[in-house]
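Each chain, written out:
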Amino acid sequence: MTSNKRILILAGDGIGPEVMAQVERVMEWLAARRAFSFEVSGGLVGGACYEAHGTPLTDETLADALAADAVLFGAVGGPQWDDVARHARPEMGILRLRKEMDLYANLRPALVFDPLVAASTLKEDVVRGLDLMIVRELTGGIYFGEPRGVDTLADGTRRGFDTEVYSAFEIERVCRVAFELARRRGNRVHSVEKANVMESGKFWRDEVTALHAADYADVELQHMYADNCAMQLVRQPRQFDVIVTGNLFGDLLSDCAAMLTGSLGMLPSASLGASDAGGRRKALYEPVHGSAPDIAGQGLANPLAAILSFTMMLRYSFDAADDADLIEGAVQDALAQGLRTADIMQDGMTGASTEAMGDAVLGALDRRAG
Ligand code: IPM
Ligand code: MG
């Protein structure tokens, strides 16, 4: 690992900067101990960028993101921007990055860490060992479909509308990601839509069926309606291996799946684009948790989701599975020591600040690396 990896850190709002500071410590550790060289730069996004530039993402930062080998993203948003016009809202910063970087495949693992099994609101025997992956389509569907807007009909009726639309190539490329992932996991895919009521849902189902028959017949494929999937996720979540679905259903189902683990503060995600001729793919990594404005600036945030997002970067962008395993092991060690940030606190455990959790991960890294 000698070539410089260019990483752009967009820490954003709320707890974003605090958790990202801990990731940077882990990066420095890797750079010092594993001969990994990173070229890290930073930029503003979300509300922080709006305050400085009147927009949640500047063209310069977007250009930096497009040029980077990978982007590490914190979180955006906060109540102080509730009244900002929609096009300038903090959330538009991440939506524009996803769209312009063409990050069509959003990987959201939901994993129950053994020491945290009691943190779930579900019974331990339902969630113990849970390890599923949601692949959410991220650049299409109703999030971006046209037409959208608010208008007034000739008879004076006012209405608001959005459009759910998927082209065949959009379905195919995200489902390929899901099938390929499944082959390296449990070899099972659930494709989720509402084919019973939506034209685009029926189309999605037909396209997945054809792709499966053509190229992935070795993978077990099941179709499931989105409402049933929500129900099955809380009833028997371990039936799932990989779930692939559109943008809006993926947004809802991934929050639901995340909560099964009882620890939103633990979950990373990766958003991936297509590979270019040189095998490089645009990628952005972000913790699933939001900006948590209520606890921002108090040293209470859990940095582990951000650290684990960095390990996803090592895996998916830099082909460094060994280093990713090492860091994930160190995260397990920190939990096994009984350290808990407030979001995952349990009886008999030791409370830890954001920084103390970072210390514990670094200490564990030292021990593991010998
Ligand atoms: C997510 C978030 C975003 C989304 C918001 C912040 C725009 O909820 O990443 O799941 O709806 O996609
Ligand atoms: Mg969401």
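**Some words on the pairing of strand E10 (residues 242–245)**
Line of reasoning, step 1. Burial of the side chains of E10 extends over both faces: Val242 and Val244 are buried on one face and Ile243 and Thr245 on the other.
Line of reasoning, step 2. In this structure, strand E5 (residues 131–137) lies alongside E10, joined through four bridges in parallel fashion. Following the sheet pairing, Ile134 is matched in E10 by Ile243.
Line of reasoning, step 3. Pairing of strand E8 (residues 188–193) with E10 involves four bridges; the strand directions are parallel. By the bridge assignment, His190 is partnered in E10 with Ile243.

**Here we look at the site of ligand 1**
Line of reasoning, step 1. All residues in the neighbourhood of ligand 1 are listed as Glu91, Arg98, Arg108, Arg136, Tyr143 and Asp251.
Line of reasoning, step 2. Contact between ligand 1 and Arg136: an oxygen atom at 2.8 Å from a side-chain N or O atom of the residue.
Line of reasoning, step 3. Note that an oxygen atom of ligand 1 is positioned 2.5 Å from one of the side-chain N or O atoms of Tyr143.
Line of reasoning, step 4. Tallied by class, the residues present in the shell around ligand 1 amount to one nonpolar, no polar and five charged.
Line of reasoning, step 5. Split by domain, the residues of the shell around ligand 1 number at least three in each of domain 1 (1–120 + 262–370) and domain 2 (128–260).

**Comments concerning unusual backbone geometry**
Line of reasoning, step 1. The omega angle of the peptide bond from Glu146 to Pro147 is 0°, so this bond is cis rather than trans.
Line of reasoning, step 2. By secondary structure assignment, the location of Pro147 is in the loop between E5 and strand E6 (149–152).
Line of reasoning, step 3. One non-glycine residue, Asp102, adopts positive backbone phi at about 55°.
Line of reasoning, step 4. By the secondary structure assignment, Asp102 is in the loop between helix H4 (90–100) and strand E4 (105–111).

**As for the sheet that holds strand E12 (residues 281–287)**
Backbone-to-backbone hydrogen bonds join strands into a sheet, with any given pair of strands oriented parallel or antiparallel.
Line of reasoning, step 1. A sheet is described by the order of its strands in space; here 10 strands give the open sequence E2-E1-E3-E12-E11-E4-E5-E10-E8-E9, paired in mixed fashion. Each edge of the sheet is formed by a strand with only one pairing partner; in this case those strands are strand E2 (38–43) and strand E9 (220–225). Strand-to-strand twist of the sheet, defined as the mean angle between neighbouring strand axes without regard to direction, takes the value 20°.
Line of reasoning, step 2. Note: strand E3 (residues 70–75) against E12, two bridges, orientation parallel. If you follow Val71 over to E12, its bridge partner there is Leu284.
Line of reasoning, step 3. Running at roughly 140° to strand E1 (residues 5–12), helix H3 (residues 59–67) makes contact with E1, E3 and E12 of the sheet.
Line of reasoning, step 4. Lying over the sheet, helix H9 (residues 247–260) contacts E4, E5, E8 and E10, oriented at roughly 155° with respect to E5.

What counts, and at which threshold
Residues numbered from 1 in each chain as written. Chains lettered and ligands numbered in written order. Predicted model: local features only at pLDDT ≥ 70, side-chain atom pairs only at ≥ 80, totals over all residues. Heavy atoms only, no water. Buried < 20%, exposed > 50% of the residue type's maximum accessible area, 1.4 Å probe, protein only. Helix = DSSP H or I, 4+ residues; strand = E, 2+ residues; numbered from the N terminus. Pairing = 2+ DSSP bridges. Near = heavy atom within 4 Å. Polar contact = N/O pair within 3.5 Å; in protein donor to acceptor, adjacent residues only side chain to side chain. Nonpolar A, V, L, I, M, F, W, Y, C, P; charged D, E, K, R; others polar. Domains from an automatic or database assignment. Axes fitted to C-alpha atoms, helices over the stretch in contact; angles between N-to-C directions. Contact = heavy atoms within 4.5 Å.

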